[in-house]
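Listed here are the chains, written in short residue letters.
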Amino acid sequence: MTPQDGRTFWFRDAVVYQIWPASYKDSNNDGIGDIQGIISTLDYVASLGVNTIWLSPMYDSPQIDMGYDISDYQAVYPPYGTLSDMDELIRECHARGIKLILDLVINHTSDQHAWFQESKKDKTNPKRDWYIWRPAKYSATGERRPPNNWRGALNQSAWTWEEHTQEYYLHLFTPQQPDLNWANDECRHTLYRDAIEFWLKRGVNGFRVDTVNLYSKPEGLPDAPITDPNAEWQNGDSVFCNGPRMHEYLQEMGTIFARYDAMTVGELPSTPRVEDVLRYISASRNELSQVFQFDISALGRSPDDFYARSDFSLQQLKEVVERWQRFIEGTDAWPTVFLENHDLPRAISKYASDRPEDITASGKLLALMQVGLTGTLYIYQGQEIGMTNVPRSWGHDEYKDVIAINYYRDAAARGSKETLVKALDDINFHARDNARTPVQWTSAPHGGFSEDPATTPWMRTNDNYTSINVAAQEQDKSSVLAFYRHALAVRKKHDLLGKGEFRLVGREHEKLFMYIKLPQGSSEEEKGERAFVVLNFSSEMQTYTVPEEAGGEEANVVLDSSVDGKRGSLGPWEGRMYIYHT
Ligand code: GLC
Ligand code: CA
């Protein structure tokens, strides 16, 4: 650690609430969430006990990928508001002691960005080299082929042919998201100035850094290994993630972030090895404050097919949590704790049970699991009231995400009725749309998403808004919302919850997830505070005993999501937390 460089490491105390603007709150009745809508709810956000907001992209964008395709880093998407709304949001957050971080999407821009428009004009354009252009290859029979076999986000080639200049450009996501050429110094330094410092100077406190390990492309852009022999395009994660100059770029950025004491949380897909993850977040290297490592989200997902569903066990969940809790022991790095974001299904539906009678218990169970874990804690909008995946009965046309739409279209092209039913099953379980339905504020039509309930939102509200909504839970002491507030207050009071050391208990138990927390840096034998968390991940009653090293019968219950509060047993999806001083 180098404290002299001005970094205070404030993010280690952050509890972050993610806001996805399109679906958060509509203040002007056009059916689309907006910045004034966010401002109008800041007291609510503060009341949860969070102290930081991560705002997903609000930049100007043609919205092919919901704002992750930016056409101007210094302008706001007009339906969301204006730069002066953003200045007001920054001020209003700070007035409540809330820090604000933005999404930083700099692996690619929109194809509508002025830079790409220039770049595609001709091969001698000064911006030509800001993107990744390559000539075609030709097959033995003279057929035009892309420069390599990489697959893009839509199950198609990651290259698109551009007629005018007769070359392909690279896009790891949709064709409307061309990858920037980070090897071009001018391009990279312009990003630092226009996309990063522009906002830090306006007062934002940091960034969630999109697809943070893709900027540096491998020399020669080699083919990906063939992992799916039946497919034309191959998953290239193993060749294009964590490229050769990644850490050089991040250290350049790190000096800027340090100047502003900004926090950064990098999105780090396809990086399974602890030593690779640590290289991004070791404090002494001054790159990123922390990352999202996605082993937990990969549970239940087949690695080669974004939506194909596979089963996973509680043991696997426990082991993933244990691994990404303990990997920082003895290092200067810091972890994250998250279950949801705008790319993932709702946690209740994935990890617990979204049967109507289980939702409240499941929401509290997952809250309990998370508040005891070490790291910066992230809560995604609606998670605090127990929002769930959309009903399976929805037709495919209710899904608005480009990936879901394409997935269904591909299945339709393959044909049979069974394929389509299965495609919709998979989409329903995994779709990013599950997280993107409007926040359920009240029991008014469409969940009170717009000020005027007659307004139809841009995306359908989950049908369960009549029973699951903020207004109802504000009145109910036994609600998921009330539980989150209480749980976050308990977390704040006991340092060992957010900062201690994690020990898994009862590894083999098939229904209970149990863990102990010790103060950071202490050993099992030392005296001090202990926490014990026991979570019933099943729909049957379970019994347990509090381990002696966590106080046994003398430990005090500090959080209890059970209905009957009976020590030693838990009903379906219930959990409990104990604290003890040895
Ligand atoms: C990240 C974002 C995702 C987006 C992609 C391309 O994974 O979280 O929403 O589609 O990057 O920018
Ligand atoms: Ca609006």
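Within each chain, residue numbers correspond to sequence positions counted from 1 in written order. Chains carry letters from A onward and ligands carry numbers from 1 onward, assigned in written order. Under the rules for a predicted model, residues below a pLDDT of 70 receive no local features and side-chain atom pairs below 80 are neither given nor counted, while totals for whole chains, interfaces and linings still include all residues. Side-chain figures throughout are based on the complete set of non-hydrogen atoms in the structure, without hydrogens or water.

K.L.:
Help me understand the pattern of salt bridges, please; the structure alone is not making it clear to me.
P.N.:
If charged atoms from side chains of opposite charge come close, those side chains can pair. Salt bridges are defined as contacts in which a side-chain nitrogen from Lys or Arg sits within 4 Å of a carboxyl oxygen from Asp or Glu. Applying the stated rule across the entire model yields 43 salt bridges. A salt bridge links E329 to R326; the nearest nitrogen and oxygen atoms lie 2.8 Å apart. Counted as one network, the salt bridges with shared partners bring together D65, D343, D401, R432 and R436.

K.L.:
Honestly, the sheet that holds strand β22 (residues 575-581) in this entry has me stumped. Any pointers?
P.N.:
Sheets are built from strands paired through backbone hydrogen bonds, the pairs being either parallel or antiparallel. Note: two strands are recorded as paired if DSSP finds a minimum of 2 bridges between them. Numbered from the N terminus, helices here are DSSP runs of H or I no shorter than four residues, and strands are runs of E no shorter than two. With antiparallel pairing, the 5 strands of this open sheet are ordered in space as β16-β17-β18-β22-β20. Looking at the sheet topology across the chains shown, the edges are occupied by β16 (501-505) and β20 (556-560). Adjacent strand axes in the sheet meet at a mean angle of 20°, parallel and antiparallel pairs treated alike. Of the pairings in the sheet, the one linking strand β17 (residues 512-518) to strand β18 (residues 529-536) comprises 6 bridges and is antiparallel in character. Helix axes are fitted only over the stretch in contact, all axes being lines through C-alpha atoms; the angle between N-to-C directions runs from 0 to 180 degrees.

K.L.:
Is there a simple way to think about empty space enclosed by the protein in this case?
P.N.:
Empty space among the atoms becomes apparent when a probe as large as a water molecule is rolled across them. Note on definitions: the grid is 1 Å and covers protein atoms alone; a cavity is a set of points where a 1.4 Å probe fits but cannot get out; a pocket is an open set with protein on both sides within 12 Å along at least five of seven lines; lining residues have an atom within 4 Å of a point. Grid points are joined across faces, edges and corners, and a volume is the space filled by probe spheres set on the points. Applying the stated rule across the entire model yields 3 cavities of 30 Å³ or more. Counted as a void, the largest cavity has a volume near 250 Å³. Lining the largest cavity are 20 residues, with I296, W324, T336, V337 and F338 sitting closest to its centre. Looking at the lining of the largest cavity, the elements with two or more residues in it are β13 (290-293), α9 (295-298), α10 (314-326), β14 (336-337) and α12 (359-371). When residues of the lining of the largest cavity are assigned to their parent elements, the largest contribution, 4 residues, is made by α10. Its residues placed into classes, the lining of the largest cavity shows 15 nonpolar, 4 polar and 1 charged. Estimated volume of the second largest cavity: approximately 160 Å³. Note on residue categories: nonpolar means Ala, Val, Leu, Ile, Met, Phe, Trp, Tyr, Cys or Pro, charged means Asp, Glu, Lys or Arg, and polar means any other residue, Gly included.

K.L.:
Is there a simple way to explain the side chain of D276 in this structure?
P.N.:
By secondary structure assignment, the location of D276 is in helix α8 (residues 274-281). Residues adjacent in sequence count toward polar contacts only when both atoms are side-chain atoms; beyond that, a polar contact is any pair of N or O atoms within 3.5 Å, and within protein one must be able to donate a hydrogen and the other to accept it. Among the polar contacts listed, one links the side chain of D276 to the side chain of R279, at a separation of 3.2 Å.

K.L.:
Mind showing me how you'd approach α8 here?
P.N.:
Side chains three or four residues apart in an α-helix point the same way, a direct result of the helix having 3.6 residues per turn. Within α8 the residues assigned to the buried category are D276, V277, L278, Y280 and I281. Check the buried side of α8 and you find it contacts α7 (246-259), β12 (263-268), β13 and α10. Partly exposed describes any residue whose relative accessible area lies between the buried limit of under 20% and the exposed limit of over 50%, with all areas from a 1.4 Å probe on protein chains only and scaled to the type maximum. The contact criterion used is simple: two residues touch if any of their non-hydrogen atoms lie within 4.5 Å.

K.L.:
How do you make sense of the sheet that holds strand β2 (residues 52-55) when you look at a structure like this?
P.N.:
With parallel pairing, the 8 strands of this open sheet are ordered in space as β13-β12-β11-β5-β2-β1-β15-β14. Each edge of the open sheet carries a strand with a single partner, namely β13 and β14. The pairing of strand β11 (residues 206-209) with β12 spans 4 bridges and is classified as parallel. Each residue of the ladder has a partner; that of V209, found in β12, is G266. The strands touched by helix α5 (residues 185-202) within the sheet are β5 (99-104) and β11, with β11 carrying the most contacts at an inclination of about 145°. Running at roughly 145° to β13, α8 makes contact with β12 and β13 of the sheet.

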